Amino acid sequence: GSDVHRIGLRSDVFDSWYWQPGEAVMPGDVISVEHSPWYTPYPGAIWHVGVVGADGMVYDFTKLRHWREAKYGRHTFAWFVRHSHYEGGVLIGRLKPEYRYMLKPISYE
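Now for a description of the structure that goes with this document. (Residues numbered from 1 in each chain as written. Predicted model: local features only at pLDDT ≥ 70, side-chain atom pairs only at ≥ 80, totals over all residues. Heavy atoms only, no water.)

## Structural notes on the environment of Gly44
Let me state the cut-off plainly: By definition, any uninterrupted DSSP run of H or I lasting at least four residues is a helix, any uninterrupted run of E lasting at least two residues is a strand, and each is numbered from the N terminus. The buried label applies to any residue whose accessible area, calculated with a 1.4 Å probe on protein chains only, is under 20% of its type's maximum; exposed applies above 50%, and partly exposed to all values in between.
Considering the arrangement of structural elements, one finds Gly44 in the loop between strand E2 (30-33) and strand E3 (48-52). Judged by relative accessible area, Gly44 falls into the exposed class, the value being 74%. C-alpha separation for the pair Gly44 and Glu34, spaced 10 residues apart in sequence, amounts to 9.6 Å.

So this is what it looks like as structure tokens:
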């Protein structure tokens, strides 16, 4: 219910790297794509974000200008990265093991 991004891809909590085609992703990974799968790529587009679920699908929240209401999506990874599957187009964020496996609490300060 927060209106503030408390964690984002903080380097103290997440490892992040640019995805390479063929590299596996894991449930819980944050997938950021340079070009939204909803739009044809265009200069100045903002990055779009989803999270890999336990079923291997990418879940996202989207509000396109022409939609009256926002939608939650459930997509294959291939579809989600379809406009950004070149080097540097997909950023993966993965919680560091100590946080992923709840060995340490995450500080929100």
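## Some points on the pattern of salt bridges
Pairing is possible between side chains of opposite charge, provided their charged atoms come close. Applicable threshold: Any Lys or Arg side-chain nitrogen located within 4 Å of an Asp or Glu carboxyl oxygen qualifies as a salt bridge.
Applying the stated criterion across every chain, the model contains 2 salt bridges. Arg74 is paired through a salt bridge with Asp55; the nearest N and O atoms lie 3.0 Å apart. Of the two residues, Arg74 is situated in strand E5 (residues 71-75) and Asp55 in the loop between E3 and strand E4 (58-62); the sequence distance between them amounts to 19 residues.

## Observations concerning the pairing of E4
Across a regular strand the side chains alternate sides, sitting on one face of the sheet and then on the other. Rule in force here: Think of it this way: DSSP has to see at least two bridges between two strands before they count as a pair.
Residues Val58, Asp60 and Thr62 point to one face of E4 and are all buried, whereas Tyr59 and Phe61, pointing to the other face, are not buried. Pairing geometry for E3 and E4, over 3 bridges, is antiparallel. Residue pairing across strands places Val51 opposite Tyr59, the latter belonging to E4. The antiparallel hairpin formed by E3 and E4 contains 5 residues in its connecting segment, where Gly56 sits at a positive phi of about 85°. Pairing between E4 and E5: 5 bridges, direction antiparallel.

## Some remarks on the sheet that holds E2
Our working rule: Every axis in this analysis is a line fitted to C-alpha atoms, fitted for helices over the stretch in contact. Angles between the N-to-C directions lie between 0 and 180 degrees.
Judged by pairing direction, the sheet is antiparallel, and its 6 strands sit side by side in the order E1-E6-E2-E3-E4-E5 without closing on themselves. Edge positions in the open sheet fall to strand E1 (14-18) and E5, since each of these has one partner strand only. Here the average twist between neighbouring strands, direction ignored, is 25°.

## Observations concerning the environment of Lys71
Rules: Residue contacts are counted whenever heavy atoms from the two residues lie within 4.5 Å of one another.
Inspection of the secondary structure assignment puts Lys71 in strand E5. For Lys71, a relative accessible area of 43% translates into the label partly exposed. Separated by 10 residues in the primary sequence, Lys71 and Phe61 place their C-alpha atoms 5.8 Å from one another. With near-sequence residues (within four places) excluded, Lys71 lies in contact with Asp60, Phe61 and Thr62.

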